[in-house]
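# Working through the structure, step by step
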Amino acid sequence: MSSTLTKAPIRPRPKHLDLTKIRLPLPGWVSIMHRVSGAALFVSLPGLLWLLDKSLSTEIGYDWLRGFFTLWWVKLAMFGLLWGYLHHFCAGIRYLFLDMHIGVDLPAARMSAAAVYFISIPLALLAGWRLFV
Amino acid sequence: MNQKIIVGAHYGFRDWLGQRVTAVLMAFYTVLLLAVLLVQKPAHYLGWYGVFSSWWMKVATLTFLLCLFYHAWVGMRDIWMDYVKPTGVRLCLQVGTLVWLVACGMWALKIFL
């Protein structure tokens, strides 16, 4: 009986855990950027609440923030967060469809991953244009 | 052996579903806010204040923020569970995340109540 349970020979499997050697496919980039953008937004929450609170509390605070938003590093940070939000938004909608088993096969999943970038990057550039110009 | 981890995900469907339900609600709010901003085009303090002064906008914004904090809790917990293995460190990070988000929730209530 035990003779039928012969084990398959253990072959060494290729492991590429060196991040510089991994070539991440497009859906992989969408995935890791979904995480990174989510974590960045999480860290920024108190700052964003501070902006909202200050802008709504008093006119003096609102006018002060208008000046604050002319600083280049504030614009850059806001652009980064807007891009993060837009990527998280678009990638999130893609995941909702994947959860409903829509577009799960590889060509469709690659297409929708590309669509995330085709939609989120122009929207981020539009937001950046509104911020900087 | 199905050994449950104390800082695991409670092995439920609830958080997974909750994260997705909050995602949909937040997506709707994002579109609503954009539409309101495009219609009202606030250019000064009174206009900006006016955007959030109606009762329904206050309710929608506060709901959005509370959804956001719950959504972020599930997401951050997933990140800690994927990358941080020692139980003690993970527990500290999870507690820190909760404190961070509850504090944000208090602030949101202070702004809109």
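Averaged over every residue, the pLDDT of chain B is 92; residues scoring 70 or more account for 91%. Mean pLDDT values for the elements of chain B range from 95 in helix α1 (residues 14-40) of chain B up to 97 in helix α4 (residues 87-112) of chain B.

What follows concerns helix α1 (residues 26-57) of chain A. An ideal rise of 1.5 Å per residue puts 46 Å on 32 residues; α1(A) measures up with 43 Å between its terminal C-alpha atoms. Of all bends in α1(A), the biggest is about 50°, found at A:S44, and the proline A:P46 comes one to four residues later.

Looking now at the state of the cysteines. Residues and elements named next belong to chain B. If you walk through the whole model with that rule in mind, you get zero disulfides over all chains. Between C67, a free cysteine, and C104, which holds the nearest cysteine sulfur, the sulfur-to-sulfur gap is 15 Å. Residue C67 is classed as buried on the basis of its relative accessible area, which comes to 10%. With no disulfide partner, C92 has as its closest neighbouring cysteine sulfur the one in C104, 19 Å distant.

This next bit is on the pattern of salt bridges. Taken as a whole, this structure holds five salt bridges over all chains when the rule is applied. Among the ionic pairs, B:D82 bridges to A:R35, the shortest N-O distance being 2.7 Å. Note that B:D82 is positioned in helix α3 (residues 55-83) and A:R35 in helix α1, a pairing that runs across two chains. One salt bridge in this structure joins B:R77 and B:D15, with 2.7 Å as the shortest N-O distance.

Here we come to the side chain of A:D53. Along the polypeptide, A:D53 turns up in helix α1. Taking relative accessible area as the criterion, A:D53 reaches 10% and is therefore assigned buried. Dropping the residues within four chain positions of it, A:D53 is found in contact with B:W107, B:K110 and B:I111.

So, on to a nonpolar patch on the surface. Residues and elements named next belong to chain A. Taken together, L71, W72, W73, L76, F118, I119, L123, L126, W129, F132 and V133 make up a surface patch of nonpolar side chains, about 1300 Å² in accessible area. Per-element accounting of the nonpolar patch gives the leading share, six residues, to helix α4 (residues 106-132). By the secondary structure assignment, L71 is in the loop between α2 (59-68) and α3 (72-99).

Residues and elements named next belong to chain A. For V30, the position within the fold is in helix α1. In this structure, the C-alpha to C-alpha distance between V30 and E59, residues 29 residues apart in sequence, is 40 Å. When sequence neighbours within four positions are dropped, the list of residues in contact with V30 reads H87, A91, R94, Y95, A113, V116 and Y117.

Moving on, we come to the packing of aromatic side chains. All chains considered together, the criterion is met by twelve aromatic pairs over all chains. Plain terms: the ring middles of A:F68 and A:W73 are 5.8 Å apart, the flat faces sit at 85° to each other, and that makes the pair edge-to-face. In this structure A:W73 comes out as partly exposed when scored by relative accessible area, which is 48%. Arranged with centres 5.1 Å apart and planes meeting at 75°, the rings of B:W48 and B:F52 form a pair that is edge-to-face. The class of B:F52 is buried, set by a relative accessible area of 5%. These aromatic residues form a ring-pair network of at least three members: A:W50, A:W64, A:F68, A:F69 and A:W73. Its guanidinium or amino end placed over the ring of A:W64, A:K54 lies 5.2 Å from that ring's centre, counting from NZ or CZ.

This next bit is on the interface of chain B and chain A. At the junction of the two partners, chain B supplies 32 residues and chain A supplies 23 residues. Across the chain B to chain A interface the summed buried area is about 2400 Å²; carbon plus sulfur atoms make up 72%. Broken down residue by residue, the surface that chain B buries against chain A is led by B:Y45, B:W100 and B:W107, which jointly contribute 27%. At the junction of chain B and chain A, the tally comes to three salt bridges. The closest approach of N and O atoms between B:K110 and A:D53, which form a salt bridge, is 2.7 Å. Between chain B and chain A we count eleven residue pairs in polar contact (both at pLDDT 80 or more) in total. If you list the elements that add at least two residues to the side of chain B that touches chain A, you get α1, α2 (45-51), α3 and α4 of chain B. With eleven residues, the single largest contributor to the side of chain B that touches chain A is α3(B). Here the side of chain B that touches chain A is built from residues that sort into 24 nonpolar, four polar and four charged.

Cut-offs and rules
Residues numbered from 1 in each chain as written. Chains lettered and ligands numbered in written order. Predicted model: local features only at pLDDT ≥ 70, side-chain atom pairs only at ≥ 80, totals over all residues. Heavy atoms only, no water. pLDDT = per-residue confidence, 0-100. Helix = DSSP H or I, 4+ residues; strand = E, 2+ residues; numbered from the N terminus. Expected span 1.5 Å × (residues − 1). Bend = angle between axes of the 7 residues up to and from the residue. Disulfide = S-S within 2.5 Å. Buried < 20%, exposed > 50% of the residue type's maximum accessible area, 1.4 Å probe, protein only. Salt bridge = Lys/Arg side-chain N within 4 Å of Asp/Glu carboxyl O. Contact = heavy atoms within 4.5 Å. Patch = residues over 30% accessible without salt bridge, like charges linked within 9 Å, V, L, I, M, F, W, Y side chains within 5 Å. Areas by Shrake-Rupley, 256 points an atom, 1.4 Å probe, with all protein chains shown as cover. Phe/Tyr/Trp six-rings, centres within 6.5 Å; stacked < 30°, edge-to-face > 60°. Lys NZ or Arg CZ within 6 Å of the ring centre and 35° of its normal. Buried area = accessible area lost by both parts, 1.4 Å probe. Polar contact = N/O pair within 3.5 Å; in protein donor to acceptor, adjacent residues only side chain to side chain. Nonpolar A, V, L, I, M, F, W, Y, C, P; charged D, E, K, R; others polar.

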